[in-house]
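A look at the structure
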Amino acid sequence: MASSDSPAVARRRVRLAVRRAREAKAVTQSDVAEAMEWSLSKVMRIESGEVTISQNDLRPLLSYLGIKDRAQVEALVAAAKISKQRKQWWEAPPYRELLTPSMVQLMGLELAASEIRYFYPLIVPGRLQTPAYARAVLETFAGELPEEAIEARLKLRELRRQSFLSAQQTDVFVVLDESVLLRQVGGAHVLRDQLEHLLTLIGDQRIAVRIIPFVEQAPIPMLATYEIVYLADGGEDAAVLHRESDLLDEIVEDKEKIKRHRDIFDRIWNGAYDETTSAGLIKDHATALV
């Protein structure tokens, strides 16, 4: 375990170790709950990363699961301690109630990422949205969410954007369909400002963007939005996939599924306009909007 691990990364190290040890021991979550005299819900939430585990709970759990190597135990206990050090702003009210467990995990992992790859075929990724563009997107849920919830989500999204702008440099690769440049979310002036913001991020070398063109044969799978997050010093567990649709969002850690999504991303990336051409296309569309 790296001493520089963030709380989110440290929590992930612990829960992956616990889950793998349980699977290696061939016991169910119910078996663990019964042996530890815990609720099944507690075990499930520890393994899913929804909650942290105390050092006092972790030591007997590791013993039950057969993890007895002293160095490994102490490393995991240290990770459990780091995971409880502090809560991030999005883990406290009122924002925590607005986020799914998967999104809470994702936001922590994004800050610890060395590389992120976004596949967004319909809109600009939330973390890169201007406030006006974000408002226009979220107001499409006006019939489902009360006004105060929309306002809180807008503030959350802007804080997330600012955290990205102020965070340590991360390699960010974004694939957008050309339709994103034409879809006037919020009107022409809102889209223009959004496209100009993307150009600023490109010019500052914060992101690399490629556009999937209309006019050429390009592979565009019928997939929901997703991003692949690569953690610094993550070893064999470096990659995490987050998938999102209207009905659900989820964290995926299955290596084969992550590889499949990365292969798709690479195929799309290689079939899209290169970065220079894409930036020029974004600029042309922004200039045309009045």
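Heads up: these notes are all about the structure in this document. In this text the structure is predicted, and so the values were computed from the model without any measurement. (Residues numbered from 1 in each chain as written. Predicted model: local features only at pLDDT ≥ 70, side-chain atom pairs only at ≥ 80, totals over all residues. Heavy atoms only, no water.)

Considering unusual backbone geometry
Notably, Ala26 is not glycine yet its phi reads approximately 60°, a positive angle. Assignment of secondary structure puts Ala26 in the loop between α1 (7–25) and α2 (29–36). With a relative accessible area of 65%, Ala26 lands in the exposed category. Located in the positive-phi region is Glu37, a residue other than glycine, with phi close to 60°. For Glu37, the position within the fold is in the loop between α2 and α3 (40–48). What makes Glu37 exposed here is its relative accessible area of 72%. (Helix = DSSP H or I, 4+ residues; strand = E, 2+ residues; numbered from the N terminus. Buried < 20%, exposed > 50% of the residue type's maximum accessible area, 1.4 Å probe, protein only.)

Describing the sheet that holds strand β3 (residues 208–212)
What links the strands of a sheet is backbone hydrogen bonding, and the strands pair in either a parallel or an antiparallel sense. Read from one edge of the open sheet, six strands run β3-β2-β1-β4-β5-β6, paired in mixed fashion. The sheet is open, and its two edges are formed by β3 and β6 (249–252), each paired on a single side. Between one strand axis and the next, the sheet turns through 15° on average, direction left out of account. Bridge analysis of strand β1 (residues 113–120) against strand β4 (residues 225–231) gives six bridges, and the strand direction is antiparallel. Across the sheet, residue Ile116 finds its bridge partner in β4, namely Val229. (Pairing = 2+ DSSP bridges. Axes fitted to C-alpha atoms, helices over the stretch in contact; angles between N-to-C directions.)

Considerations on the packing of aromatic side chains
All told, the structure shown has four aromatic pairs when counted by the stated rule. Judged by centre distance (5.2 Å) and plane angle (35°), the ring pair of Phe119 and Tyr226 falls under tilted. Of this pair, Phe119 sits in strand β1 while Tyr226 sits in strand β4, and the two are 107 residues apart along the sequence. The same class applies to Phe119 and to Tyr226, which are both buried. Ring plane angle 85° and centroid distance 5.6 Å describe the contact between Phe173 and Trp269, whose orientation is recorded as edge-to-face. Within this pair, whereas Phe173 is found in strand β2 (residues 171–177), its partner Trp269 is found in helix α10 (residues 255–271), the two being separated by 96 residues in sequence. Per residue, the accessibility class of Phe173 equals that of Trp269, and both read buried. By the ring-pair criterion, three or more aromatic residues cluster together here, those being Phe173, Phe265 and Trp269. Sitting above the plane of the Tyr64 ring, Lys25 keeps its charged end 5.0 Å from the centroid. One residue, Lys42, lies across the ring of Trp38, its end atom 4.2 Å from the ring centre. (Phe/Tyr/Trp six-rings, centres within 6.5 Å; stacked < 30°, edge-to-face > 60°. Lys NZ or Arg CZ within 6 Å of the ring centre and 35° of its normal.)

Comments concerning the pattern of salt bridges
Enumeration over the complete set of coordinates arrives at 20 salt bridges. Across the pair Arg135 and Glu151 runs a salt bridge whose closest N-O atoms are separated by 2.9 Å. Within this pair, whereas Arg135 is found in helix α7 (residues 131–138), its partner Glu151 is found in helix α8 (residues 147–166), the two being separated by 16 residues in sequence. Judged by its relative accessible area of 32%, Arg135 is partly exposed. Each of Arg12, Arg15, Arg19 and Glu253 takes part in a single network of salt bridges with overlapping partners. (Salt bridge = Lys/Arg side-chain N within 4 Å of Asp/Glu carboxyl O.)

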